[in-house]
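Letter by letter, the chains look like this.
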Amino acid sequence: MKKVGLYFGTFNPIHIGHLAIANHIAEFSDLDEVWMVVTPHNPFKKKSSLLDNHHRYEMVYRATESYPKLKPSDVEFKLPQPNYTVNTLVHLQEQYPKYQFSLIMGEDNLKSFHKWKNYEIILENHHIYVYPRIAEGVMKTQFEDHPKIHRVDAPIMEISSTFIRKTIALGKNVRPLLPNEVWQYIDEMNFYKV
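Worth saying up front: this structure is predicted, and the values here are computed from it rather than measured.

### Section: the side chain of H126
Here is step 1: Of note, H126 is situated in the loop between helix 5 (119-125) and strand 5 (128-131).
Here is step 2: A polar side-chain atom of H126 sits 2.7 Å from the main-chain carbonyl oxygen of F101.

Written as structure tokens, this is what we have:
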């Protein structure tokens, strides 16, 4: 059975922090692959700074192309909006009955996980891989010793897509923070320049 970790994000844009975490988890856990699931633009929210779905997917595609264990996924683009993670998991399990899907999340998300729709069902059927976030430090949560929650000692990457977008708008060079293919795409498409 293939074990796949799902790493959700708007990836607006995907940066080297996302890649470092995804690659670390793909290489140093029992997962076979990590799918970078691009979350769609919520039609009910006005978010002008969020690039169209296909542009963000294209950046993830380009960023992961040379990493055999990392795959881009647009599965949520096809699901009714607003969507919940539990629905995505059910959909994927139906599409790929021989795969075992797990969630990948930062420690900050684990703290609010009990507020997610049907979180008990998610935990019953899926494992969760949690990577550290420096801003939070180690947190005690109700899931502290849960057998399905695995803490991964991934590198702590304090890079934010918000910072990258703001910096590009200011005309600064942020190339080192982006995979080269992503930088080229942003540059050629003139994204985030205000």
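After that view, the rundown keeps rolling.
### So, the sheet that holds strand 1 (residues 2-9)
Here is step 1: Read from one edge to the other, the open sheet built from six strands follows the order 3-2-1-4-5-6, with strand pairing classed as parallel. Two strands bound the open sheet, and with one partner strand each, they are strand 3 (70-73) and strand 6 (149-151). Strand-to-strand, the axes of this sheet are offset by a mean angle of 30°, without reference to chain direction.
Here is step 2: Relative to strand 5, strand 4 (residues 99-106) runs parallel, the two being bridged by four bridges. For L103, the partnering residue across the bridge sits in strand 5 and is I128.

### Overview of the packing of aromatic side chains
Here is step 1: Overall, the coordinates contain 12 aromatic pairs when judged by the stated rule.
Here is step 2: Both rings, one in W35 and one in Y99, keep their centres 6.1 Å apart while their planes meet at 65°; by these two values the pair is edge-to-face. Here Y99 lies in strand 4 and W35 lies in strand 2 (residues 33-38), a separation of 64 residues in the sequence.
Here is step 3: Judged by relative accessible area, which is 9%, W35 ranks as buried.
Here is step 4: Among the residues examined, Y99 registers a relative accessible area of 22% and is labelled partly exposed.
Here is step 5: Ring geometry for Y96 versus Y99: centroids 5.0 Å apart, planes at 25°, classification stacked.
Here is step 6: Here Y96 falls in the partly exposed class, since its relative accessible area comes to 32%.
Here is step 7: Over the face of the ring belonging to Y84 we find K117, whose NZ or CZ atom lies 5.2 Å from the ring centre.

### A few points about helix 1 (residues 16-28)
Here is step 1: Here helix 1 is 13 residues long and its end C-alpha atoms lie 18 Å apart, about the 18 Å a rise of 1.5 Å per residue gives.
Here is step 2: Among the residues of helix 1, those classed as buried are G17, H18, L19, I21, A22, H24, I25 and A26.

### Points about the environment of Y96
Here is step 1: The topology assignment puts Y96 in the loop between helix 3 (85-95) and strand 4.
Here is step 2: Each C-alpha atom, one on Y96 and one on K2, is 9.6 Å from the other, the two residues being 94 residues apart in sequence.
Here is step 3: Not counting chain neighbours up to four residues away, the residues in contact with Y96 comprise W35 and F101.

### So, unusual backbone geometry
Here is step 1: The omega torsion of the bond from N12 to P13 falls at 5°, within 30 degrees of zero and hence cis.
Here is step 2: Positionally, P13 belongs in the loop between strand 1 and helix 1.
Here is step 3: In the segment running from Q81 into P82, the intervening peptide bond is cis, with an omega of -10°.
Here is step 4: Tracing the backbone shows P82 in the loop between strand 3 and helix 3.
Here is step 5: Of note, the phi angle at N118 is positive, near 55°, even though the residue is not glycine.
Here is step 6: Here N118 lies in the loop between helix 4 (107-111) and helix 5.
Here is step 7: Exposure remark for N118: the relative accessible area of 31% places this residue in the partly exposed category.
Here is step 8: Unusually for a residue other than glycine, N190 sits at a positive phi of about 65°.

### Considerations on the pattern of salt bridges
Pairing of side chains with opposite charge becomes possible as their charged atoms draw close.
Here is step 1: Inspection of the entire model under this criterion finds seven salt bridges.
Here is step 2: Residues K2 and E33 are paired through a salt bridge, measuring 3.0 Å at the closest nitrogen-oxygen approach. You can see K2 sitting in strand 1 and its partner E33 sitting in strand 2, a full 31 residues away along the chain.
Here is step 3: On the basis of relative accessible area, K2 is assigned to the partly exposed category, the value being 28%.
Here is step 4: The residue K3 makes a salt bridge to D30 at a minimum N-O spacing of 3.0 Å. You can see K3 sitting in strand 1 and its partner D30 sitting in the loop between helix 1 and strand 2, a full 27 residues away along the chain.
Here is step 5: For K3, a relative accessible area of 26% translates into the label partly exposed.

What counts and what doesn't
- Residue positions are counted from 1 within each chain, in the order its sequence is given.
- Given that this is a predicted model, residues contribute local features only at a pLDDT of at least 70 and side-chain atom pairs are listed and counted only at 80 or more, while totals for whole chains, interfaces and linings are drawn from all residues.
- Excluded from the side-chain calculation are hydrogens and water; included are all heavy atoms of the structure.
- Numbering of helices and strands runs from the N terminus, with a helix taken as a DSSP run of H or I at least four residues long and a strand as a DSSP run of E at least two residues long.
- A 3.5 Å cut-off defines polar contacts: any pair of N or O atoms within that distance qualifies, except that in protein one atom must be a possible hydrogen donor and the other a possible acceptor, and neighbouring residues in sequence count only when both atoms are side-chain atoms.
- A pair of strands is treated as paired once DSSP finds two or more bridges between them.
- To obtain an axis, a line is fitted to C-alpha atoms, over the contacting stretch when the element is a helix, and the angle between two such axes runs from 0 to 180 degrees between their N-to-C directions.
- Geometry of aromatic contacts follows a simple scheme: Phe, Tyr and Trp rings, the Trp one being its six-membered ring, pair when their centres are within 6.5 Å, and the pair is stacked under 30 degrees between planes, edge-to-face over 60, tilted otherwise.
- Using a 1.4 Å probe on the protein chains alone, a residue whose accessible area is under 20% of its type maximum counts as buried, one over 50% counts as exposed, and one in between counts as partly exposed.
- A positively charged side chain is recorded as over a ring if its NZ (Lys) or CZ (Arg) lies within 6 Å of the ring centre. The angle to the ring normal must also be within 35 degrees.
- A helix is expected to span 1.5 Å multiplied by its residue count minus one.
- Note on contacts: a residue pair is in contact if any heavy atoms of the two residues lie within 4.5 Å.
- Salt bridges are counted wherever a side-chain nitrogen of Lys or Arg sits within 4 Å of a carboxyl oxygen of Asp or Glu.

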